[in-house]
Amino acid sequence: MKEYFHSVNLDKDKCRGCTNCIKRCPTEAIRVRKSKAQIINERCIDCGECIRVCPHHAKTAISDSLDMINEFKYKVVVPAPSLYGQFDKKYSRNNILNALRLIGFDYVYEVARAAEIVSEATRQLLKNPNIKKPMISAACPSVVRLIQVRFPSLIENIVKLESPMEVAAKIAKNEVHEKYKIAMEDIGVFFISPCAAKVTSVKSPYEKQKSYVDGVISIKDIYIKLLSALSKVDDSSKLALAGLEGIDWANAGGESGALETYNVLAVDGIHNVIKIFDEIEEDRLSDIDFVEALSCSGGCLGGPLTIANVFIAKTTLKKHINAASKRDIKNMDKKSYEELVWTSNVEYKPVMKLDQDVSKAMEKLEKLEKIYADLPGLDCGACGAPNCRALAEDIVREIANETDCIFKLRQRIRDLAEEMVDLGGKMPPVMDKDTTE
Amino acid sequence: MSTIKLRYDIPANDFVTAGEASSNVKKKLTQIGVSSDKIKKAAISMYEAEINAVIHGNGGYADVEISSDKVIINIIDYGPGIPDVELAMKAGYSTASDNIREMGFGAGMGLPNIKKYADKLEIFTEVGKGTKIVLTVYFS
């Protein structure tokens, strides 16, 4: 497995080297070089902000195509609850799930059902007096990666529970295996995803070696097919089994709303998440037990690979939530939630460090401050770095030069020109007839 | 051994920019590679001292000296000074006004928290002139 697989990718032909994406990136992971954006892999957290902001649609997400399901004899689909918000309100959840069968899947298991299990496991964990609080949900993979690169002291606060997607995939695979006596390797489980981060979390998981999900198909890639299937859907099978709590996970505030405590904080939008994490890091939110942090504004419904406008999707989802029943998973035995706990830990990836050696890092920081003080401070981005400070950092990391700054370059040229004019007026004394004694 | 010297203005009664200096110092310590628990100690104690200067001290400035083994943070204000330092150090003791408390500050935990998180705390104060807080966090 490659160490840094990223779903977020660049279509070089479409990229015009503008600076929109570098300015929006929450981890300053993009630079423009030779008229093309370049992603610094170690820093990218797959939040998809650049996908959203790119005016040329050059930022894309690598995901699997629907054709991939044919590599498996038995095809299982685990749709994210955000899928329900994408279609006209006239279609019921059952319509949408049956449409998934119509386009080629044999078995449907709603991720929303697994979300209810994860909610119950979280409620159990909250009762544990030894657990580090505030607990931070691991549901959003971008947020976990953000913690890995920028908030190492919060690693201990991450709720080490499998995501609803993983739980759904595991349950569905086992169900099919037992019900229909199909070999595990013949069962392909496909997640229908609102975002790139989920693709990365399947292809390159941070919590364990292998995901139960075999492929991730984006909502936007499957949308047209589902839409035409919806027009001829036969609603014979009752597939909509999840309760309202699970469906609400698609919304910002849904996951935390399902907990039995009011000491929760729900934050959405990656830049807002960073602000809240700063607060937690400095012990200023000690009265909070649980933090639901989602990278996308509006939660998963606002995912970069969704189709419907997030606000419209919210009202659509509300309709589905109202139509769903409340399901209770109160009497889950201890063992089954303990199975959801990760065995390995999330590792700190210190990408912000200037040098491995503290005194060298000090020297670099000192130099950085000097360079920064000398830069124009316009944060124009014309050098290919998101702001003047980032350029100063790049210079001390030796991946950029001071003259990458067009103002610095202009200053140098001007100084040089002045010097040339000055030198041009000078004559060697032996030839200089104008000087009077 | 090199040291990095930084100066930040702390404007009076400005809760919007309050805390900016400590979060800036936090970023720099991260770049140097100081371990996260030490960064936390420095950031929290500096934040508390900064907020004190905003609330009680009519603003002032912060002088920060980072070296490879420690950070020394000086918070200087031109406020009323502290008449009874021992009393001010007591958890829960506060002279903050009601409207400050309504904003969620003034719980009387400022100085006690600084003492708790900083490795060394020195207070120089003169009634009518101002207060200087010097706090040190060691990295090893």
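**Student:** Which parts of the structure should I look at to understand the interface of chain B and chain A?
**Tutor:** Where the parts come together, the accessible area they lose is often given as the size of the interface. At the interface, 21 residues of chain B touch 22 residues of chain A. Interface area lost by chain B to chain A is led by B:Lys26, B:Gln31 and B:Ile32, which between them contribute 32%. Here chain B and chain A share five salt bridges between them. A salt bridge links A:Asp278 to B:Lys26, with the shortest nitrogen-to-oxygen separation between them at 2.9 Å. Applying the counting criterion to the chain B and chain A interface returns eight residue pairs in polar contact (both at pLDDT 80 or more). Elements that contribute at least two residues to the side of chain B that touches chain A include exactly strand E1 (4–10), helix H1 (20–32) and helix H2 (36–55) of chain B. A total of seven residues in the side of chain B that touches chain A trace back to one element, the largest contributor, which is H1(B). For the side of chain B that touches chain A, the per-class residue count stands at eight nonpolar, nine polar and four charged.

**Student:** What is the right way to look at the environment of A:Ala323 in this model?
**Tutor:** All names here are of chain A. Inspection of the secondary structure puts Ala323 in helix H12 (residues 310–323). By relative accessible area, which is 67% here, Ala323 ends up exposed. The sequence separation of Ala323 and Glu393 amounts to 70 residues, and the corresponding C-alpha distance is 53 Å.

**Student:** Can you walk me through unusual backbone geometry in this structure?
**Tutor:** Residues apart from glycine generally show negative phi values, whereas peptide bonds are mostly found in trans. Residues and elements named next belong to chain A. Residue Pro134 is bonded to the preceding Lys133 through a cis peptide linkage, with omega at -5°. Within the secondary structure layout, Pro134 lies in the loop between helix H4 (111–127) and strand E7 (135–136). The phi dihedral of Lys34 falls on the positive side, at around 50°, and the residue is not glycine. Topologically, Lys34 is positioned in the loop between strand E2 (30–33) and strand E3 (36–39). Judged by relative accessible area, which is 81%, Lys34 ranks as exposed. With a phi close to 60°, Asp283 is a non-glycine residue in the positive phi region. Note that Asp283 resides in the loop between helix H11 (270–281) and strand E11 (290–294). For Asp283, a relative accessible area of 33% gives the class partly exposed.

**Student:** Is there a simple way to explain the nonpolar core in this structure?
**Tutor:** Inside soluble globular proteins, nonpolar side chains tend to come together where they are buried. All names here are of chain B. Of all hydrophobic cores here, the largest spans 54 residues; its most connected members are Leu29, Met46, Val64, Ile66 and Ile75. The element best represented in this core is H2, accounting for nine residues. Every residue in contact with Leu29, bar those within four places of it in the chain, is listed here: Val34, Ile39, Ala42, Ile66 and Phe139.

**Student:** Could you clarify how one ought to interpret the sheet that holds strand E6 (residues 107–108) of chain A in this entry?
**Tutor:** Sheet strands associate in pairs through backbone hydrogen bonding, adopting either a parallel or an antiparallel arrangement. Residues and elements named next belong to chain A. Pairing in this open sheet of four strands is parallel, and the strands run E6-E5-E8-E9 from one edge to the other. Looking at strand neighbours, the two that pair on one side only are E6 and strand E9 (215–218), the edges of this open sheet. As paired strands, strand E8 (residues 187–193) and E9 are joined by four bridges and run parallel to one another. In the strand pairing of E9, Ser193 is matched with Ser218. Set on the sheet, helix H6 (residues 164–180) makes contact with strand E5 (74–79), E6 and E8; between it and E5 the angle comes to about 150°.

**Student:** Hey, could you run me through the confidence of the model for chain B in this one?
**Tutor:** Residues shown with low pLDDT carry predicted positions that ought not to be read at fine detail. Residue and element names in this part refer to chain B. Across chain B, the average pLDDT comes to 86, with 94% of residues at 70 or higher. When pLDDT is averaged over each helix and strand of chain B, the minimum, 72, is found for helix H4 (residues 98–102) and the maximum, 94, for strand E3 (residues 70–77). Across the assembled chains, the prediction reports ipTM 0.81 with pTM 0.88.

Conventions adopted
Residues numbered from 1 in each chain as written. Chains lettered and ligands numbered in written order. Predicted model: local features only at pLDDT ≥ 70, side-chain atom pairs only at ≥ 80, totals over all residues. Heavy atoms only, no water. Contact = heavy atoms within 4.5 Å. Buried area = accessible area lost by both parts, 1.4 Å probe. Salt bridge = Lys/Arg side-chain N within 4 Å of Asp/Glu carboxyl O. Polar contact = N/O pair within 3.5 Å; in protein donor to acceptor, adjacent residues only side chain to side chain. Helix = DSSP H or I, 4+ residues; strand = E, 2+ residues; numbered from the N terminus. Nonpolar A, V, L, I, M, F, W, Y, C, P; charged D, E, K, R; others polar. Buried < 20%, exposed > 50% of the residue type's maximum accessible area, 1.4 Å probe, protein only. Core = buried A, V, L, I, M, F, W, Y, C linked by side-chain atoms within 4.5 Å. Pairing = 2+ DSSP bridges. Axes fitted to C-alpha atoms, helices over the stretch in contact; angles between N-to-C directions. pLDDT = per-residue confidence, 0-100.

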